[in-house]
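Structural description and commentary
Next come the chains, spelled out residue by residue.
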Amino acid sequence: MDRIVDTHCHFWWKGTNSWVDKSWDVLHQDYTPVEHQQVSSPVGVSRCVIIEAGSTDVDNQTIIDMAAEHDFVGGLILRVSLDDPRLGDKLDEWQKLPKFRGVRMNFEEHPDPDIATKTEVIEGLKEIARRGLIHDFLPLVRHLDGIATALEQVPDLKCIVEHYGKPNFDGTMDPVWKRAMSRIARDTNANCKLSLSPQTARIQEYLDEPQRGWPIEAMRQYTAFYLDELGPDRLIWGSDWPVALLTTSYSGILSVHRELLGPLESDLETKLFRTNA
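The text that follows walks through the structure, step by step, so that each part is easy to find. (Residues numbered from 1 in each chain as written. Predicted model: local features only at pLDDT ≥ 70, side-chain atom pairs only at ≥ 80, totals over all residues. Heavy atoms only, no water.)

**What to know about the overall build of the chain**
Rules: Helix and strand labels come from DSSP, where a helix needs a run of H or I of at least four residues and a strand needs a run of E of at least two; each type is numbered from the N terminus. Taken over C-alpha atoms, the radius of gyration is set against a globule rule of 2.2 Å times the number of residues to the power 0.38. Think of it in three bands: residues with accessible area under 20% of the maximum for their type are buried, residues over 50% are exposed, and the middle band is partly exposed, with areas taken using a 1.4 Å probe on protein chains only. The contact definition used throughout considers only heavy atoms, calling two residues in contact when any of these lie within 4.5 Å.
Regarding its fold elements, the chain presents 10 helices and eight strands. A compact globule built from 277 residues should have a C-alpha radius of gyration of about 19 Å, and the chain, at 17 Å, falls within 12% of that. Oriented by its inertia axes, the alpha-carbon framework of the chain measures out at about 45 × 40 × 40 Å. Every one of the 277 residues in the chain was classed for burial, and the buried ones make up 55%. Within the chain, contacts between residues at least 6 apart in sequence are counted, and of these 80% link residues at least 24 apart.

Right, here's the structure in full:
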């Protein structure tokens, strides 16, 4: 398949990025749209969406500049704190950018499982919804139930839940995951991203065992749940490159989801890998 849209990639300069630790060898490199195209074009990718990967204004400006410079980039998701009193002012400026599509708050780093239900966060989500922007949710499983509750209060929000919510994929169906994702599928309009990313707290494990891949058999029930409960119209694919390099190559991460999804009719494949983006 050609003209694939990769809806989840990260770019940074290693010297300025606030998230990448210097000890993370494979990640402590410069990654730009140029390097992405070198590995993605051969497997049919023609466009990408940049997702933020750092908490500072410098991190945001880096990907703003890269998006402006490269036609390959079709969309841009910037970092925010939804409870930031300056949120509206920031959105005013960012909405002047032609490739700006939405924002992401890093829920994964929050120990509070109910962070999404806080009044200030709800108000931030309402502001995102009022402007017709997208919010990408980066949660752990413990945050999913709170996200479902928040989305019930902001029903018009365009949003995407990333990385399956990062369950452990230990061969069982996590009951907390299933209960919360059932709520999200049934009671909200959220989309979900067919993307995979290690839990940040476990990155050292992946560095110690590089290219370990993903436990496909243990994951099948999660992908099947997505297809059955959300349906293909609410799913999109993203690579999480270059973080994906902790587990496999670029073509490898694409192959993981092709194997999880199994044989697809051409119209369904087009939805998941292109038009739903």
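Next comes the rest of the write-up.
**Digging into the environment of Cys159**
Secondary-structure assignment places Cys159 in strand E6 (residues 158-161). In the structure, Cys159 is positioned 118 residues away from Ser41 in sequence and 27 Å away in space, judged by C-alpha atoms. Not counting chain neighbours up to four residues away, the residues in contact with Cys159 comprise Ile134, His135, Phe137, Leu151, Ala190 and Asn191.

**Quick word on the sheet that holds strand E1 (residues 4-9)**
Put simply, the test is: Only strands that DSSP links by at least two bridges are regarded as paired with each other. Throughout, an axis means a line fitted to C-alpha atoms (over the contacting stretch in the case of helices), and angles, computed between N-to-C directions, take values from 0 to 180 degrees.
The parallel open sheet is built from eight strands, whose spatial order is E1-E2-E3-E4-E5-E6-E7-E8. Looking at which strands have only one partner, the edges of the open sheet turn out to be E1 and strand E8 (235-237). For this sheet, the mean inter-axis angle between neighbouring strands, taken without regard to orientation, is 25°. Sitting on the sheet, helix H4 (residues 119-130) touches strand E4 (100-106) and strand E5 (134-138), and the angle it makes with E5 is about 140°. Contacts from helix H8 (residues 216-230) reach strand E7 (191-194) and E8, with the element oriented near 150° to E7.

**Concerning the pairing of E4**
What counts, and what does not: Place the viewer so that the strands point away; then a crossover is right-handed whenever the path from the first strand over the helix to the second strand goes clockwise.
Judged by how many residues are buried, E4 sits mostly within the fold: six of seven residues are covered. Note on the crossover from strand E3 (residues 73-79) through helix H3 (residues 87-94) to E4: the handedness is right-handed. Alignment of E4 against E5, held across five bridges, turns out to be parallel. Bridged to Met105 within E5 is Phe137. In this fold, the crossover linking E4 to E5 by way of H4 has right-handed handedness.

**Here's the deal with the nonpolar core**
Worth spelling out the cut-off: Working definition of a nonpolar core: buried Ala, Val, Leu, Ile, Met, Phe, Trp, Tyr and Cys residues. They are joined through side-chain atoms within 4.5 Å.
Leu157, Tyr164, Trp177, Met181 and Tyr226 are the most contacted members of the largest nonpolar core, which has 84 residues in total. Among all residues touching Tyr226, those that are not within four sequence positions of it are Tyr164, Trp177, Met181, Cys192, Lys193, Leu194, Gly231 and Leu235.

**Examining the packing of helix H6 (residues 175-187) against H8**
What counts here: When describing relative orientation, an angle under 35 degrees is termed roughly parallel and one over 145 degrees roughly antiparallel, while 65 to 115 degrees is termed roughly perpendicular and anything else oblique. Handedness of a crossing is defined here by the sense of rotation of the near helix relative to the far one, left-handed for an anticlockwise turn of less than a right angle and right-handed for a clockwise turn. Residues are grouped as follows: nonpolar covers Ala, Val, Leu, Ile, Met, Phe, Trp, Tyr, Cys and Pro; charged covers Asp, Glu, Lys and Arg; every other residue, Gly included, is treated as polar.
Where H6 contacts H8, the two axes come as close as 10 Å, and the packing angle between them is 25°. By the angle class used here, H6 and H8 are roughly parallel. Note that H6 runs across H8; the crossing there is right-handed. Here Trp177, Lys178, Met181, Ser182 and Ala185 of H6 lie close against H8, whose contacting residues are Tyr222, Phe225, Tyr226, Glu229 and Leu230. Looking at the contact of H6 with H8, its residues break down into seven nonpolar, one polar and two charged.

Nothing here speaks to function; it is geometry throughout.
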